[in-house]
Amino acid sequence: MSLLLSFLTLPFDKEAQKDFFSKCSVIKIIPELFSAFLYYKAQDYENVLNVYKLAIEKMSGYPPLYCLLGDVLRALGKHED
């Protein structure tokens with residue numbers, strides 16, 4: 001019920017619209033995330049690193065990308081980066 005109510009009030013709430021569109025902007029990096037996942041499964045960490053860097057260039061203000069990049073750097077043993 002509350003989900004339906006939130007969809008009905010979305011056109012009238014400017015703050016909710018900004019939040020909704022900022023969350024939908026993740027869609028533009030889905031191909032990069034999918035290819036990084038495939039490289040990660042193949043344990044090709046150098047290519048994963050390159051793909052995440054490209055994704056960060058597309059969406060520099062998205063914190064989960066930095067966390068994923070840090071995980072890959074840690075797997076490569078590059079703790080100082």
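Just so it is clear, the structure is predicted and the values come from calculations on it, not from any experiment.

Cut-offs applied
Counting restarts for each chain, with residues numbered from 1 along the sequence as it is written. With the structure being a predicted model, the display of local features is reserved for residues of pLDDT at least 70 and the display and counting of side-chain atom pairs for 80 or more, all residues being used for whole-chain, interface and lining totals. Based on all heavy atoms of the structure, the side-chain values leave hydrogens and waters out of the count. Secondary structure elements are defined from DSSP: runs of H or I of at least 4 residues count as helices, runs of E of at least 2 residues count as strands, and each element is numbered from the N terminus. Each radius of gyration is computed over the set of C-alpha atoms, and the globule rule expresses the reference value as 2.2 Å times the number of residues to the power 0.38. Relative accessible area decides the class of each residue, using a 1.4 Å probe on protein chains only: under 20% of the type maximum gives buried, over 50% gives exposed, and in between gives partly exposed. In this analysis, two residues are considered to be in contact whenever any of their non-hydrogen atoms come within 4.5 Å of each other. Throughout, the Shrake-Rupley method with a 1.4 Å probe supplies accessible areas, and for residues the shown protein chains are the sole cover considered. All tallies of charge rest on Lys and Arg as positive and Asp and Glu as negative; His and the ends of each chain are not included. Working definition for charges: the position is that of NZ of Lys, CZ of Arg, CG of Asp or CD of Glu. Known as pLDDT, the predictor's per-residue confidence is scaled from 0 to 100. In what follows, salt bridge is the name for a side-chain nitrogen of Lys or Arg lying within 4 Å of a carboxyl oxygen of Asp or Glu. Throughout, nonpolar core names a set of buried Ala, Val, Leu, Ile, Met, Phe, Trp, Tyr and Cys residues whose side chains join them through atoms within 4.5 Å.

Looking only at helices and strands, one finds 5 helices and 0 strands in the protein. Ordered by position in the sequence, the α and β elements of the protein form the string α-α-α-α-α. Relative to the globule expectation of 12 Å for 81 residues, the C-alpha radius of gyration of the protein, 17 Å, shows a markedly less compact shape. Along the longest, intermediate and shortest principal axes, the C-alpha atoms of the protein span 50 × 25 × 20 Å. Counting the 81 residues in the protein, one finds 21% classified as buried. Counting contacts in the protein only where the partners sit at least 6 residues apart, residues at least 24 apart contribute 43% of the total. By element, 64% of the accessible surface of the protein is carried by carbon and sulfur atoms, the whole surface being about 6200 Å². Of the charged side chains in the protein, 9 are positive and 10 negative, and the gap between their average positions amounts to 4 Å.

Below, the discussion takes up the confidence of the model for the protein. A residue-level look at the protein finds 99% of positions with pLDDT of 70 or above and a mean pLDDT of 84. Ranking the helices and strands of the protein by mean pLDDT puts helix H3 (residues 30–41) first, with 92, and helix H1 (residues 2–9) last, with 75.

Looking now at unusual backbone geometry. Even without glycine at this site, Gln43 takes up a positive phi of about 60 degrees. For Gln43, the location among the structural elements is in the loop between H3 and helix H4 (45–58). Residue class for Gln43 comes out exposed when judged on its relative accessible area of 59%.

Okay, the pattern of salt bridges next. Pairs may arise between side chains of opposite charge once their charged atoms sit close together. Taken as a whole, this structure holds 3 salt bridges when the rule is applied. Among the ionic pairs, Lys58 bridges to Glu32, the shortest N-O distance being 2.6 Å. On the criterion of sequence distance, the pair formed by Lys58 in helix H4 and Glu32 in helix H3 is long-range, its members being 26 residues apart. By relative accessible area, which is 14% here, Glu32 ends up buried. Between Glu46 and Lys78 there is a salt bridge, and its shortest N-O distance comes to 4.0 Å.

What follows concerns the nonpolar core. Judged by nonpolar contacts, the single largest core of 14 residues is most densely connected at Tyr52, Leu65 and Leu69. Elements with a contribution of two residues or more to this core: H4 and helix H5 (63–76). The greatest single-element share of this core, amounting to 6 residues, is contributed by H4. If near-sequence neighbours (up to four positions away) are discounted, Leu65 is found in contact with Ile29, Leu33, Tyr52, Ala55, Ile56 and Met59.

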